[in-house]
Amino acid sequence: MRTIFAATALLEDGWAKDVLVGIDDDGRVASVAKDVKAAPGSMHVETLLPAACNLHSHTFQRAMAGLTERRGPSERDSFWTWREVMYRFLDLLSPEDIEAVAAFAFMEMQEAGFAAVAEFHYLHNRPGGGAYDDPGELSVRIAAAQASTGIGLTLLPVYYAQGGVDGRPLAGGQLRFGNRLDGFAAEMERAGEIVKGLSPDTGLGVAPHSLRAVGPADLEALTGMLPDAPFHMHIAEQEGEVEEALAELGARPVEWLLANMPVDKRWCLIHCTHMEPRETEALARSGAVAGLCPVTEANLGDGIFDGARFLASGGSIGVGSDSNIRITLNEELRQFEYSQRLRDHARVVLAGAGQSAGRVLYGKALAGGAQALGRQSGRIAPGLWADLVALQRGEGLMLAKQPDLPLDNWIFCGDGKVSDLWSAGRHRVAEGRHVRREEIARRYHECLTAIAAKL
Ligand code: ZN
């Protein structure tokens, strides 16, 4: 058994000193003891935390980060003009590129403090829509990226059947996403085989893309596919989507979903940006996780999630890096809190009286992320996966008498770097760098050079 000795650690009942955590050969926490001495051979860290899950990512978009920051020719740059660039870009990517980009993004996630990720995987076909010989060709590439980085993975093969809420056919870049129910069942079966070949903490879920891309009958069929598995979909990200839903379904997206689908704890609804107060409160009561991607939502100009009302109503949240324009855990949480402050002209909006914003937000992201991935993690406790992160030395030491200061410093003041990270016991970040950074970065840069020649 390996052991980590932490001067300070965030345990289930709060901060503790002189903590010894044992990790068994399967990658689970075997033991936790506080106020003890280090065991011989223990690895020493200063501040140890449970590591969070990244609940929403499209890794391929990492390679186009920055490309969309030049204003296009249309009168108003928007999510929809961004989407056009994204569609053109994805047609340039080969399976090898998709693997290299995914590995680089997964590595950056681990260096940012994420032990695991839910990959919302919607590239299934060749450019133009033709099928690969193996329906799991691109899932195999995501799996290979998991194996090379060691990140915890919940694979979410995405169902994408139509071009809008009105049922219009797929066009252009969307043809790489397209599937139909019977083909999707085979794809899910193949994904199940692929996942079985990975480390035992790997999970599988179902992901209807959105109400834009999936009609009501298909959505209902998908809810029965893996009845206990995570079920993720985008919803209410854009005002245009709300208008389409009102016109075609006679209700706002979240309102329609809550009235017509069995939304519960296994659901993770990504964005939920545009809700009326009654939708926000009803969604909180459903037990579903609101999957927030504050950095991407700011980048795309989506709008502001009503976090104050949602948390006050008992809602669960987690965070995701989504477009991967920037891969950072601390900034996702910071941006979430700041969006509320800017809207409300107030400070420390998402914590209760006397609470630390960093502590509240990190605690909620841990619980909501683990729930969304269906992953036994989010706490340092025997039997759970050893998803652990150590902050860099010195973070919060100056005023250490205020107990949550390391988290507040890390989230609000620092650059978000971590010193060490374990994904289900796999020690993959040491002294701030992924142990395979050089080779993964080299492959990524070769791939970008080749893509740039095609742009
Ligand atoms: Zn997304």
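Scroll up for the structure.
In this text the structure is predicted, and so the values were computed from the model without any measurement.

Draft legend 1. Molecular detail of the coordination of the zinc ion. Looking at the zinc ion, one finds its protein donor set to be H56 (NE2), H58 (NE2), H234 (NE2) and D322 (OD), positioned 2.1 to 2.5 Å from the metal centre. One can describe the site at the zinc ion as irregular: its four donor atoms subtend angles covering 84 to 169° at the metal. All donors of the zinc ion belong to a single chain; written as a sequence motif, their spacing is H-x1-H-x175-H-x87-D. Neither H56 nor H58 differs from the other in exposure class; each is buried.

Draft legend 2. Region of the structure containing the side chain of H121. Along the chain, H121 turns up in strand β6 (residues 114-121). Within the local environment of H121, its side chain forms a polar contact with the backbone oxygen of L123, the two atoms lying 3.4 Å apart. Not counting chain neighbours up to four residues away, the residues in contact with H121 comprise L138, S139, I142, L155, L156, P157 and V158.

Draft legend 3. Spatial organisation of the environment of F177. In this fold, F177 is placed in the loop between β7 (152-159) and α4 (181-196). Expressed as a C-alpha distance, the spacing of F177 and R126, which sit 51 residues apart in the sequence, is 9.1 Å.

Draft legend 4. Expanded view of the pattern of salt bridges. According to the stated counting rule, one finds 29 salt bridges in the structure shown. In this structure, D201 and R426 form a salt bridge, with 3.0 Å as the shortest nitrogen-oxygen distance. With D201 in the loop between α4 and β8 (203-204) and R426 in strand β16 (residues 426-430), this pair connects stretches of sequence that are 225 residues apart. The two residues D201 and R426 agree in class, both being buried. Measuring nitrogen to oxygen at the nearest pair gives 3.5 Å for the salt bridge that ties E276 to R252. Of the two residues, E276 is situated in the loop between β11 (267-271) and α8 (277-286) and R252 in the loop between α6 (239-249) and α7 (253-260); the sequence distance between them amounts to 24 residues. With relative accessibility at 32%, the residue E276 sits in the partly exposed group. The network of salt bridges with shared partners includes E96, E99, E137, R141 and R443.

About the cut-offs
- Residues numbered from 1 in each chain as written.
- Predicted model: local features only at pLDDT ≥ 70, side-chain atom pairs only at ≥ 80, totals over all residues.
- Heavy atoms only, no water.
- Donors = N, O, S within 2.8 Å, 3.2 Å for Na, K, Ca; no water.
- Tetrahedral: all angles 85-135°; square planar, octahedral: opposite > 155°, others 65-115°.
- Buried < 20%, exposed > 50% of the residue type's maximum accessible area, 1.4 Å probe, protein only.
- Helix = DSSP H or I, 4+ residues; strand = E, 2+ residues; numbered from the N terminus.
- Polar contact = N/O pair within 3.5 Å; in protein donor to acceptor, adjacent residues only side chain to side chain.
- Contact = heavy atoms within 4.5 Å.
- Salt bridge = Lys/Arg side-chain N within 4 Å of Asp/Glu carboxyl O.

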